[in-house]
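# Observations on the three-dimensional arrangement
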Amino acid sequence: MSRREKREEKVKSRILIKIVVVAIFLAVVFWILKITPNYINTEITNKANLVINNSNVTKDLKNDVIIRDGVIYIAKEDISNFFDPYIYYDEKYNQIITTSETQVASMQVGSNSIINNGSRVNISGTVIEENDTYYIPFSSLKDVYNVEINYIESTNTITVDSKDRKYVVADARKEANVKAYPTVFSRTVDKIEANETFVVVQNDENQNEVVDNWVEIRTDSGKLGYIKQNNVVNEFVTREAIEEEKQITDKISMVWDYYSKYVYPPDRSGSKINGVNVVSPSFFDLIDEGKGELYDNAGEEGKEYVNWAHSNGYKVWPMLSNNSYIETTAEIMRDFNLRQQLIENIVSQVLKYDLDGINVDFENMHDEDKDLFSRFIIELKPRLNEIGAVLSVDVTAPDGSPEWSLCFDRNVIGDVADYIVFMAYDQNGNSSPVEGTTAGYNWVKANIEKFLGQEGVDESKLILGIPFYTRVWEERNGKITSSTIDMKKIEQVIPEGASRTWDDDLKQYYVEFVEDGVTNKIWVEDEESIKAKLSLISEYNLAGAAYWEKDREPESLWNVISEYLGI
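Summarised in this report is the structure supplied together with it. In this text the structure is predicted, and so the values were computed from the model without any measurement. (Residues numbered from 1 in each chain as written. Predicted model: local features only at pLDDT ≥ 70, side-chain atom pairs only at ≥ 80, totals over all residues. Heavy atoms only, no water.)

Considering the arrangement of structural elements, one finds Ser-186 in the loop between strand E15 (176–179) and strand E16 (188–192). By relative accessible area, Ser-186 is classed as buried at 1%. At 3.0 Å, the side chain of Ser-186 and the backbone nitrogen of Tyr-181 are in polar contact. (Helix = DSSP H or I, 4+ residues; strand = E, 2+ residues; numbered from the N terminus. Buried < 20%, exposed > 50% of the residue type's maximum accessible area, 1.4 Å probe, protein only. Polar contact = N/O pair within 3.5 Å; in protein donor to acceptor, adjacent residues only side chain to side chain.)

Pairing is possible between side chains that carry opposite charge, provided their charged atoms lie close to one another. Counted according to the given criterion, the structure contains 31 salt bridges. Among the salt bridges present, the one from Lys-303 reaches Glu-300, with a minimum N-O distance of 3.4 Å. Separated by three residues within a single helix, Lys-303 and Glu-300 lie in helix H4 (residues 299–311), roughly one turn from each other. Here Glu-300 falls in the exposed class, since its relative accessible area comes to 52%. As a salt-bridge pair, Lys-507 and Asp-504 come within 3.2 Å of each other at their nearest N and O atoms. The partly exposed category is assigned to Asp-504, whose relative accessible area is 48%. Sharing partners across several salt bridges, the network here consists of Asp-257, Arg-268, Lys-550, Asp-551 and Glu-553. (Salt bridge = Lys/Arg side-chain N within 4 Å of Asp/Glu carboxyl O.)

Summed over all chains, the structure comprises 26 aromatic pairs. On the basis of an interplanar angle of 20° and a centroid distance of 4.8 Å, the ring pair of Tyr-89 and Tyr-134 is categorised as stacked. Pair noted here: Tyr-89 is in strand E5 (residues 88–90) and Tyr-134 is in strand E11 (residues 133–137), with a separation of 45 residues, a long-range link. Its relative accessible area of 14% is what places Tyr-134 among the buried residues. Summarising the aromatic geometry, the rings of Phe-468 and Tyr-547 are spaced 5.5 Å apart at their centres and angled 10° between planes, so their arrangement reads as stacked. With Phe-468 in the loop between strand E31 (462–467) and strand E32 (469–476) and Tyr-547 in strand E37 (residues 544–548), this pair connects stretches of sequence that are 79 residues apart. For the pair Phe-468 and Tyr-547, a shared accessibility class is recorded, and that class is buried. Within the aromatic cluster, the residues linked to one another by ring pairs are Phe-283, Phe-284, Tyr-305, Trp-308, Tyr-314 and Tyr-353. Sitting over the face of the ring of Tyr-441, Lys-507 holds its NZ or CZ atom 5.3 Å from the ring centroid. (Phe/Tyr/Trp six-rings, centres within 6.5 Å; stacked < 30°, edge-to-face > 60°. Lys NZ or Arg CZ within 6 Å of the ring centre and 35° of its normal.)

On to the sheet that holds strand E3 (residues 66–68), then. In space, the four strands of this open sheet follow the order E3-E4-E11-E10, with antiparallel pairing throughout. Only two strands of the sheet have a single partner each, and these edge strands are E3 and strand E10 (128–130). Going across the sheet, the axis of each strand differs from the next one's by a mean of 35°, ignoring polarity. (Pairing = 2+ DSSP bridges. Axes fitted to C-alpha atoms, helices over the stretch in contact; angles between N-to-C directions.)

All right, on to unusual backbone geometry then. Here the amide bond leading from Trp-548 into Glu-549 is cis, since omega sits at 0°, within 30 degrees of zero. Structurally, Glu-549 is set in the loop between E37 and helix H12 (557–565). Phi is positive for Asn-477, which is not a glycine, with a value near 55°. With respect to the helices and strands, the residue Asn-477 is situated in the loop between E32 and strand E33 (479–486).

Strands pair in a sheet through their backbones, by hydrogen bonds, and they do so in one of two ways: parallel or antiparallel. Reading across from one edge, E2-E1-E13-E12 is the order of the four strands in this open sheet, with mixed pairing throughout. The strands lining the two open edges of the sheet, one partner per strand, are strand E2 (55–56) and strand E12 (147–152). Two elements, E12 and strand E13 (residues 157–162), share six bridges in a ladder whose sense is antiparallel. Opposite Tyr-151, over in E13, you have Ile-158 as the bridge partner.

Attention shifts here to the nonpolar core. Considering soluble globular proteins, one finds that nonpolar side chains tend to be buried as a cluster. Core analysis: the largest hydrophobic core is formed by 77 residues, its most contacted members being Ile-346, Phe-362, Phe-373, Phe-376 and Tyr-547. Tallying contributions element by element places helix H7 (residues 370–386) first for this core, with seven residues. In contact with Phe-376, not counting residues within four places along its chain, are Met-333, Arg-339, Leu-342, Ile-343, Ile-346, Val-360 and Phe-362. By size, the runner-up hydrophobic cluster in this structure holds 26 residues, among which are Ile-52, Val-57, Ile-136 and Val-160. (Core = buried A, V, L, I, M, F, W, Y, C linked by side-chain atoms within 4.5 Å. Contact = heavy atoms within 4.5 Å.)

The next point concerns the pairing of strand E22 (residues 252–257). In terms of burial, E22 is largely enclosed, as six of its six residues are buried. Where burial is concerned, the two faces of E22 agree: the one with Ile-252, Met-254 and Trp-256 and the one with Ser-253, Val-255 and Asp-257 are both buried. Two strands pair when backbone bridges link them, and E22 and E37 are joined in this way by four bridges, in the parallel orientation. When the sheet's bridge partners are listed, Ile-252 is paired in E37 with Gly-544. For E22 and strand E23 (residues 278–281), the ladder comprises four bridges, and the chain directions are parallel.

Below you can see the structure in the form of structure tokens.
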């Protein structure tokens, strides 16, 4: 090799060495940058830490937790974020109202007692107001929220565990450092001794939170971190998760069994309705100016009706109507005590008649009472949960008049109630200035999409109400009138030979004929139109269907319903 070639070889070697050095340097820098965040101390040490169901939420609190005279206070806004989204300040009675799965508690500001599900209970602490913020004596409400609360003074940490969630403990096989992240290259947040007991964190599937053979735990000091999976021994489930059991696991198929306020319930003995699993007889009505009192339209005949339904495997969710008493309804909705009086009466009737649920049918309400009607539903639901009764609420289409449509907050009702029932009829009602269908397929479909879209109602809670009637529209001397006609009687009205035109948008037959100089128009409800509406239940995976009302239908229709809903 020549001298020149040797010099070139040395130059190449130096360049290669520099490249290797730079690569190593960059790798070290990258490694340092990667692990450095694992060592940054993010602990909050200047205030009480709040750990809810093994998640430290302290940084997400809008206000600091207060510990005073042994009582733990959490701000109303934070209670709303983590425990009760519908916690409410009632200005009329200067009280906080909070609800949970089975509890309704009211706490007057400054009082050392609460009224919980109608019973007064003395507590430690009281609702206090500081800097325009209400603070709730949270540690005194563990039974209301169904939680276990523990204050760890050494680390100024409060742990809160919901009693309906899975709870697992285990022991450490040997002494170990508890790491902030699932890696050895991480800050140590705590230490555990051999045989020390700790909580094993569960994920949303109620399984141990394991990452790369590291298990997340919570130590006795309330610290959250990771230890190696092989260091977890003697694992023991102290409490299993409580799963919600639905009263009906199939599609809902409910028929309203309406009769007037002063008529005995119908005698259904010896009969059976195919394709139905819920009946809703008109058992209860508000009493006008009754301040929450109910008219009991059931009686001994109602008990026989319930026995008939249960013997056939039907659930009984009687209808509670406000009879369109707009001012009586407003008076009750606007007063917490009157709402509670009504709720106590409802609970009493459910127990008296061994009912499976209640169907709330309040129509014709002031739109300014929309939020207060939601309050009524919010406060009713826990009391029905407590006795295992289902709550369904009837509402109209989203867009319409203030007292007919705008009086419902469908999002809140759909969130709180077990089911929200869309009464998908009277697209063109008796007061309509123009003739038209009672429930056209395209109108029903468009409103279902509004419920699921703009109203934010979960599909699994939406029941589609279907009419067993239509209207005969008459044009006489330029004036339009209409009359309601049952499905089973439509064929008796249409003359023989009258032409029928299929409207594929409405999924209905349209019939027009002239009698005695009067033009009659009918948008027919029949098996074909009902099939089209029933098909929307599977298309949108809705909870089921409801039908207004029993005895307006041809008997053959129940076989169609049974087939479409699989009941």
